[in-house]
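Understanding the architecture of this molecule
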Amino acid sequence: MRNLKITAVLLLTLYMLSGCKSYYESLFRTQDLDERFRGAMYFYDKGKFRKAAALFESMLFLSQGTDKEDSVQFYNAMSNYRYGDYITAEANFNKFLEVFPRSTMSEEARFLRIKCLYEGTYRWELDQVPTQKAMATIAEFMYDNPRSEYYDVCKAMMEEFGERLDRKSYEAAKLYYNMKDYKSSHYALKTVLRDNSDNRYREEILYYTAMSSYRYAFNSIREKQKERYMTFIDDYYNFIGEYPKAQERRELDRMFVRAQKFVGLKGALDSAQVAAAQAIANDEAVTPRSSKNIRADRKNTKRAIKDAKKAVKEAENRSAVARKVNEETSGTQRQNERRKARKEREEAMKLYEQAKAKAKEQKEREEETK
């Protein structure tokens, strides 16, 4: 008896499914535009966007010259948009706007086309041509529709795209610095600000510009150093003129004092520069360390970095465990576990960065005392 019931249920299910399939296929065979349109809207409302898109596309020619032509084209694009085919949806929205620029649905279609272009952009490390195309389309929309309900969303998109382009240009120029090609990095960083003085990474760009000119001068032959240190001094003043309280100033102050001493410039120093000069004097007054002590310092620094890396890894493991807390654990407890793991990781990362900074400072001090 039980087997008979199960068989009956299965047969009923198959019948219903075959009925739905027959209805969907019958819509393609009918030449009644109203019936096919109602069927397409039925599947659209049910969330079956692929089927709806196929039906709307089949009506493009059939609906030409009728009062449903604009609706068919619009919902054809909407169906593609809803199931995530943004390339096809963008092309369909664009076609709709070309044919029906004054439609009551044109503003929404323009915005949804922008959303499709937004979805087609890449992160800052990759090609930014799609980003530039999206920005041009958004700027046109904002100009034509200053009071649109979508205006703020478009503005946020423009901010995101602007930050993405600024970072790409900054990181591309900084790459030369990471490669220790200081002459090229100095030129590239200068070019970034020449092309866009309002770059969101202006502080970092000015800092690495100064660092590049100092490194370039430091590594030059003695006959070229004076001229190149003068370039650094100009870059130094450009940086502190705009960011007098930046964290990086202490490092640049010490470089400035050394560069000023080398080129023979004399002038009044501010409190930060005086402190840097005093720190240098204290360093020079210290008895030179033996090679044995230097090797010991290097060993201790490497150990500190290794320990810090290990702490970061352990913190990340704990964070992963916290994310996999049993579902029965209360929401508040899960949040506390995640917060604790995140705090531990941040502290470990801080120790790691401090160890790296110490190693960098030690290396620079050794290079300058050679």
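Everything below is about the structure printed above this text.
Here is a short report on the structure shown in this document. (Residues numbered from 1 in each chain as written. Predicted model: local features only at pLDDT ≥ 70, side-chain atom pairs only at ≥ 80, totals over all residues. Heavy atoms only, no water.)

Examining the side chain of Ser103
Rules: What counts as a helix is a DSSP run of H or I of at least four residues, what counts as a strand is a run of E of at least two, and both are numbered from the N terminus. In the analysis that follows, any N or O atom pair within 3.5 Å is treated as a polar contact, provided that within protein one partner can donate a hydrogen and the other can accept it, and provided that, for residues neighboring in sequence, both atoms belong to side chains. Whether two residues are in contact is decided by their heavy atoms, any of which lying within 4.5 Å being enough.
Looking at the element boundaries, Ser103 is found in the loop between α5 (86-99) and α6 (106-119). At 3.1 Å, the side chain of Ser103 and the backbone nitrogen of Met105 are in polar contact. In this view, Ser103 contacts Asp70 and Phe96; residues no more than four positions away in its chain are not counted.

Digging into the nonpolar core
Which entries qualify depends on this criterion: What is meant by a nonpolar core is a set of buried Ala, Val, Leu, Ile, Met, Phe, Trp, Tyr and Cys residues, joined one to another through side-chain atoms within 4.5 Å. Burial classes follow relative accessibility: with a 1.4 Å probe on protein chains only, a residue under 20% of its type's maximum area counts as buried, one over 50% as exposed, and anything between as partly exposed.
Counting residues in each nonpolar core, the largest one holds 38 residues, and the members touching the most others are Phe56, Met59, Phe74, Phe93, Phe96, Ile138 and Cys154. Elements with a contribution of two residues or more to this core: α1 (2-29), α2 (33-45), α3 (49-58), α4 (69-82), α5, α6, α7 (129-144) and α8 (151-178). Ignoring any residue separated from it by four or fewer positions in sequence, one finds Phe74 in contact with Phe93, Phe96, Met105, Glu108 and Ala109. Of all hydrophobic cores here, the second largest spans 30 residues; its members include Tyr182, Val192, Ala217 and Ala259.

Comments concerning the environment of Asn219
Its location among the elements puts Asn219 in the loop between α10 (202-218) and α11 (222-242). Classification of Asn219 as exposed rests on a relative accessible area of 54%. As for Asn219 and Tyr182, which are separated by 37 residues in sequence, their C-alpha atoms are 9.4 Å apart.

Quick word on the pattern of salt bridges
Here is the rule: Any carboxyl oxygen of Asp or Glu that lies within 4 Å of a side-chain nitrogen of Lys or Arg is treated as forming a salt bridge with it.
Counted by the stated rule, this structure contains twelve salt bridges. Across the pair Arg110 and Asp144 runs a salt bridge whose closest N-O atoms are separated by 3.2 Å. Here Arg110, found in helix α6, pairs with Asp144, found in helix α7; they are 34 residues apart in sequence, far enough to count as distant. The class of Arg110 is partly exposed, set by a relative accessible area of 22%. When its relative accessible area of 40% is taken as the criterion, Asp144 is described as partly exposed. Connected through salt bridges with shared partners, the residues Glu159, Asp166 and Arg200 form a single ionic network.

Digging into the environment of Ala40
As for its placement among the helices and strands, Ala40 is situated in helix α2. You can call Ala40 buried: its relative accessible area is 0%. Here the alpha-carbon distance between Ala40 and Leu27, two residues 13 residues apart in the chain, equals 8.4 Å. Those residues in contact with Ala40, other than ones at most four positions away along the chain, are Ala52, Leu55, Phe56 and Met59.

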